[in-house]
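# Summary of the model geometry
Listed below, chain by chain, are the residues.
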Amino acid sequence: MRLGLFLLIAVALCLLQHSLLAAWWWAPDLPLALVAWAMVDGDEDGVLLRTLLLGLVRDLIDPGSEWFHAVAYTLLALAFLPVRGWLFRTRGLAWALWACVAALVLALADACTASLSCLDPVLLAMMVPGTGLAAMAVGWLFGGLPRALRPVGSGGA
């Protein structure tokens, strides 16, 4: 039930990101905000599965990526798992910080795979903090739901 709800939210955010928000160069990365919140606040059992599935959903919807998001989100989750125990995971600041770090890492990885000329500092200055704020909004929106309706189990701490 939870995974199905998570995938439904992932599809909706990916469709929004690659349709309406595609015209806004400064738009936050909503699917990344969702996956960052799910990595930080969600239970540890499904971290890798959720990140892989959201990456696959995004790769299917995004016309320009071929396995980029699935691989990148999974690698981010693998890098985050050892650090996870040090965070107070139910706080918005932890969600925002991890979303900002993830957005910066993905922007650099995307620039390295395409060309370094596409790495725009103004874009990073708008998109990275915006993604952090979006992660806080996603966490407050979905984290405040009753336990049975939460798209990810609560990791606690």
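Treat the numbers as computed from the prediction; the structure is a model and nothing was measured. (Residues numbered from 1 in each chain as written. Predicted model: local features only at pLDDT ≥ 70, side-chain atom pairs only at ≥ 80, totals over all residues. Heavy atoms only, no water.)

## Comments concerning the overall build of the protein chain
- When you go through the protein chain residue by residue, the secondary structure sums to 6 helices and 0 strands.
- Ordered by position from N to C terminus, the α and β elements of the protein chain give α-α-α-α-α-α.
- When the 157 residues of the protein chain are sorted by exposure, 45% land in the buried category.
- Contacts in the protein chain between residues far apart in sequence, at least 24 positions, make up 73% of those at least 6 positions apart.
- As displayed, the protein chain has an accessible area near 8,000 Å², and 73% of this comes from carbon and sulfur atoms.
- Counting 8 positive and 10 negative side-chain charges, the protein chain places the averaged centre of each group 15 Å from the other. (Helix = DSSP H or I, 4+ residues; strand = E, 2+ residues; numbered from the N terminus. Buried < 20%, exposed > 50% of the residue type's maximum accessible area, 1.4 Å probe, protein only. Contact = heavy atoms within 4.5 Å. Areas by Shrake-Rupley, 256 points an atom, 1.4 Å probe, with all protein chains shown as cover. Lys, Arg positive; Asp, Glu negative; His and termini not counted. Charge placed at Lys NZ, Arg CZ, Asp CG, Glu CD.)

## Examining the side chain of Asp41
- Structurally, Asp41 is set in helix α2 (residues 30-41).
- Reaching out from Asp41, the side chain makes a polar contact with the side chain of Arg150 at a distance of 3.1 Å. (Polar contact = N/O pair within 3.5 Å; in protein donor to acceptor, adjacent residues only side chain to side chain.)

## Here's the deal with α2
- Given a rise of 1.5 Å per residue, 12 residues ought to cover 16 Å, and the 16 Å separating the end C-alpha atoms of α2 matches this to within 8%.
- In terms of residue burial, α2 counts as a mostly covered element, since 12 of its 12 residues are buried.
- Taken together, the buried positions of α2 are Leu30, Pro31, Leu32, Ala33, Leu34, Val35, Ala36, Trp37, Ala38, Met39, Val40 and Asp41.
- Summarising the contacts, the buried residues of α2 are in contact with α1 (2-17), α3 (47-61), α4 (68-80), α5 (92-113) and α6 (121-143). (Expected span 1.5 Å × (residues − 1).)

## Details of α6
- For α6, spanning 23 residues, the distance from its first C-alpha to its last is 32 Å, which sits close to the expected 33 Å at 1.5 Å a residue.
- Within α6 the residues assigned to the buried category are Leu124, Met127, Val128, Gly130, Thr131, Gly132, Ala134, Ala135, Met136, Val138, Gly139 and Phe142.
- Those residues of α6 hidden inside the fold are in contact with α1, α2 and α5.

## Topic: the state of the cysteines
- Overall, the coordinates contain 0 disulfides when judged by the stated rule.
- Summary of cysteine pairing: Cys14 is not part of a disulfide, and the nearest cysteine sulfur, belonging to Cys100, is at 19 Å. (Disulfide = S-S within 2.5 Å.)

## Some points on the nonpolar core
- Judged by nonpolar contacts, the single largest core of 39 residues is most densely connected at Leu32, Leu34, Trp37, Met39, Leu54, Leu76 and Trp98.
- Of all elements in the fold, only α1, α2, α3, α4, α5 and α6 reach the threshold of two or more residues within this core.
- Broken down by element, the residue count for this core peaks at 10 residues, all from α2.
- Look past the residues within four positions of Leu32 in its chain and what remains in contact with it is Arg58, Tyr73, Leu76, Ala99, Ala102, Ala103, Leu106 and Thr131. (Core = buried A, V, L, I, M, F, W, Y, C linked by side-chain atoms within 4.5 Å.)

## Focus on unusual backbone geometry
- With phi around 70°, Trp67 is a residue other than glycine that occupies positive phi space.
- As for its placement among the helices and strands, Trp67 is situated in the loop between α3 and α4.
- The exposure class assigned to Trp67 is exposed, which follows from its relative accessible area of 59%.

Coordinates in, geometry out; function isn't part of it.
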